[in-house]
Amino acid sequence: MRRFSLLVKAVSLAAVLLVLMMGLSMIGGLANERVAYRAQAAASIEGSLAGAQTLAGMVLTRRCVETFETTVIKDKEKTVERSEVRTVLRSLPQSSSWTTESKIEPRYRGLYKVNSYALNAEEVVDWKTARDLAVLPLKAPAVAVRCDAPLIEFTVTDPRGIRAVRLRGPNGDLEVKPSTNGGTFNRGFEAKLPVAESALDAPLRLRLVVDLVGIESVGFVPLAVDNTVTLKSDWPHPSFGGEFLPLTRTVSAQGFDARWSVSSLAAQARSQLGSSAAGCAQTRSSTKGCLQSFGVDFIDPVNPASLSDRATKYGILFIVLTFAGIVLLEVLKGQAVHPVQYLLIGAAMAVFFLLLLSLSEHIAFIKAYVTAAVACVALLTVYAKAVLGGWQRALPMSAGLAVLYCVLYLVLQSEQHALLAGSLLVFAVLAGVMLLTRHVKWGGLNEGA
């Protein structure tokens, strides 16, 4: 077979790479679809269970109505007109202490897993005084002031996740009802505070126990002067986030313990608790215009769809490096490889990413990766033996492919070092090619048959 000139060979390989890039793009599109399907599965579970939860409260509020009388002269006759102004009095706590424990309960939609949790939380809240709730003094031109009984208000992002609530006041358990467009929050629950007007100057302690379910993350809003949260979970892969990181944390294969301590000197949630943020205790991924919060995401570090998507992004690099090795064998050993054979080798490497994506939906990612890699290396080794003219030339190629797949797996497991690993790999391959071909007379490659 007549040897291709360097120019024709380069154009042919460029065309082959273009075709393979199109194939990898299609495989990448499938991986993106799987990521989207996983998001749809999370949305489906959220729709039938509850979403990510952020807890805010307790807050004491009291609705008051001031009545004003104004004398109006019309047609030389005096008339008295009345108007009312509604005011919401609010008292925020001095200290809030959460003791919480969560248990992960995986939920499935088809092939996709979503981490839901059951949270048992206890909050102890103290006020030095609740005098901010005292009935407004009567000042002209007001002629009357009437105030409702003080309310205890509490909110969560998705009240559908509330399974049980117990609220204890100074004199025993209090009756808890769903929020009815309260003075601070418009969802969650509330209870009347049975405290006499004369007792508002005294210290007050409330104790709340709530059982809650949600998915993927839980957060807390620091509304007290001093806020502490202790969270224990059986999930070994926490991602702490929000406005504040935990003061201490311990993570092991059995789960994690974390403790936050947040002061009102650092947090702005108390000042944000106004009309613009009323009833707003959103998840940390959508806190625009809402209250500051902090907490943890129960992430799954081995997400097959996202890992397959990341792996596909390295596909063209792996194919180029493999082609570089084959070209090197052509130059050093004088063994011609047809562009169609390059295309078949590249297609086999691209199929690896398709196998990885499909297998990882049914078995553990590492098993899917090993299975796909072994299958593709075995196929390419047998094919390379025929193309390159023997095992002595095929085995080094298969060994190189095995190293590439090992490096790719390490890159996928350590995203922080992906750029470093990729850069070192490219440099090593380039250095090897330059050293092995430093005595090659490239101008003579166009000659001969």
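This is a predicted model, so every value here is computed, not measured.

What follows is about the overall build of the chain. Per the secondary structure count, the chain includes eight helices and 17 strands. Expressed as a percentage of the 449 residues in the chain, the buried residues total 42%. Contacts in the chain between residues at least 24 apart in sequence constitute 76% of all its contacts with a sequence separation of at least 6. Accessible surface, the chain as shown: approximately 23,200 Å² in total, 59% of it carbon and sulfur.

Turning to the nonpolar core, a few remarks are in order. Leu 55, Met 58, Leu 60, Trp 98 and Val 218 are the most contacted members of the largest nonpolar core, which totals 43 residues. Ile 319, Ile 326, Met 349 and Phe 352 belong to the second largest nonpolar core, which has 42 residues in total.

In this section: the environment of Val 225. Residue placement: Val 225 occurs in the loop between β12 (217–220) and β13 (226–233). Once the C-alpha coordinates of Val 225 and Pro 93 are considered, the two residues, 132 residues apart in sequence, prove to be 6.7 Å apart. Setting aside residues no more than four positions away along its own chain, Val 225 makes contact with Pro 93, Gln 94, Val 262, Ser 263, Ser 264 and Arg 270.

With respect to the helices and strands, Glu 153 occurs in strand β6 (residues 151–156). A distance of 3.1 Å separates a polar side-chain atom of Glu 153 from the backbone nitrogen of Phe 185.

Counted by the stated rule, this structure contains one disulfide. Sulfur-sulfur distance for the disulfide between Cys 64 and Cys 147 comes to 2.0 Å. Judged by the torsion about the S-S bond (110°), the Cys 64/Cys 147 disulfide is right-handed. Taken together, the residues Cys 64 in strand β1 (residues 53–74) and Cys 147 in strand β5 (residues 142–147) connect sequence positions 83 residues apart. A relative accessible area of 1% means that Cys 64 is categorised as buried.

A few words on the environment of Pro 194. Among the secondary structure elements, Pro 194 is positioned in the loop between β10 (189–192) and β11 (204–215). Along the chain, Pro 194 and Gly 169 lie 25 residues apart, while their C-alpha atoms are 8.3 Å from each other. Residues in contact with Pro 194, not counting those within four places in the same chain, are Asn 171 and Leu 174.

Turning to the packing of helix α5 (residues 339–360) against helix α6 (residues 365–388), a few remarks are in order. Think of two packed helices as two axes; the pair is described by the angle between the axes and how far apart they sit. One way to put it is that α5 packs onto α6 with a least axis distance of 8 Å and a crossing angle of 165°. Considering their axes alone, α5 and α6 lie roughly antiparallel with respect to each other. Along this stretch, α5 crosses α6, giving a crossing that reads as right-handed. Contacts between α5 and α6 involve Gln 341, Leu 344, Ile 345, Ala 348, Met 349, Phe 352, Leu 355, Leu 356, Leu 359 and Ser 360 from the former and Phe 365, Ala 368, Tyr 369, Thr 371, Ala 372, Ala 373, Cys 376, Leu 379, Leu 380, Tyr 383 and Val 387 from the latter. Each residue belonging to the contact of α5 with α6 can be placed in one class, and the counts come to 18 nonpolar, three polar and no charged.

Considering the arrangement of structural elements, one finds Glu 46 in helix α1 (residues 6–48). With residues near it in sequence (within four places) discarded, Glu 46 still touches Gly 51, Arg 160 and Ile 215.

Time to look at the sheet that holds β13. What holds strands together in a sheet is hydrogen bonding between their backbones, with the strands either parallel or antiparallel. With mixed pairing, eight strands are arranged side by side in an open sheet as β8-β7-β11-β4-β3-β13-β16-β15. Among the strands making up the open sheet, the edge pair consists of β8 (172–173) and β15 (248–252). Of the pairings in the sheet, the one linking strand β4 (residues 112–127) to β11 comprises twelve bridges and is antiparallel in character. Note on β11: the bridge partner recorded for Trp 127 is Leu 204.

Quick look at the pattern of salt bridges now. This model, assessed by the stated rule, comprises ten salt bridges. In this structure, the salt-bridge partner of Glu 105 is Arg 107, at a minimum N-O distance of 3.4 Å. Using a relative accessible area of 28% as the deciding quantity, one classes Glu 105 as partly exposed. The class for Arg 107 is partly exposed, based on a relative accessible area of 32%. Taking the shortest distance from any N to any O, the salt bridge between Lys 113 and Asp 300 comes out at 3.1 Å. One end of the pair, Lys 113, is in strand β4; the other, Asp 300, is in the loop between β17 (294–298) and α3 (304–312), with 187 residues separating them in the sequence. Among the residues examined, Asp 300 registers a relative accessible area of 27% and is labelled partly exposed. Connected through shared salt-bridge partners, Arg 166, Arg 168 and Asp 173 make up one network.

Let's shift gears to the confidence of the model for the chain. Of all residues in the chain, 88% have pLDDT values of 70 or greater, and the mean over the chain is 82. Ranking the helices and strands of the chain by mean pLDDT puts β13 first, with 96, and helix α8 (residues 418–436) last, with 72. Low confidence marks residues 275–279, where pLDDT is under 50. Its contacts with residues over four positions away, or in another chain, come to ten contacts. Taken as a whole, residues 282–289 scores under 50 in pLDDT and shows 21 contacts with residues more than four places along the chain or in a different chain.

Applying the stated criterion across every chain, the model contains 16 aromatic pairs. Relative to Phe 294, the ring of Phe 244 has its centre 6.2 Å away and its plane inclined at 85°; by these criteria the two rings are edge-to-face. Here Phe 294 lies in strand β17 and Phe 244 lies in the loop between β14 (238–242) and β15, a separation of 50 residues in the sequence. On the basis of relative accessibility, which here comes to 16%, the residue Phe 244 falls in the buried class. According to the relative accessible area criterion, Phe 294 is buried, its value standing at 1%.

Here we come to the pairing of strand β3 (residues 95–109). Pairing geometry for β3 and β4, over 15 bridges, is antiparallel. From the neighbouring strand, Glu 101 faces β4, where its bridge partner is Asn 120. One ladder, built from eight bridges, connects β3 with β13; its direction is parallel. Residue pairing for β13: Ser 102 is matched across the bridge by Ser 233.

About the criteria used
- Residues numbered from 1 in each chain as written.
- Predicted model: local features only at pLDDT ≥ 70, side-chain atom pairs only at ≥ 80, totals over all residues.
- Heavy atoms only, no water.
- Helix = DSSP H or I, 4+ residues; strand = E, 2+ residues; numbered from the N terminus.
- Buried < 20%, exposed > 50% of the residue type's maximum accessible area, 1.4 Å probe, protein only.
- Contact = heavy atoms within 4.5 Å.
- Areas by Shrake-Rupley, 256 points an atom, 1.4 Å probe, with all protein chains shown as cover.
- Core = buried A, V, L, I, M, F, W, Y, C linked by side-chain atoms within 4.5 Å.
- Polar contact = N/O pair within 3.5 Å; in protein donor to acceptor, adjacent residues only side chain to side chain.
- Disulfide = S-S within 2.5 Å.
- Axes fitted to C-alpha atoms, helices over the stretch in contact; angles between N-to-C directions.
- Parallel < 35°, antiparallel > 145°, perpendicular 65-115°, else oblique.
- Left-handed = near helix turned anticlockwise from the far one by under 90°.
- Nonpolar A, V, L, I, M, F, W, Y, C, P; charged D, E, K, R; others polar.
- Pairing = 2+ DSSP bridges.
- Salt bridge = Lys/Arg side-chain N within 4 Å of Asp/Glu carboxyl O.
- pLDDT = per-residue confidence, 0-100.
- Phe/Tyr/Trp six-rings, centres within 6.5 Å; stacked < 30°, edge-to-face > 60°.

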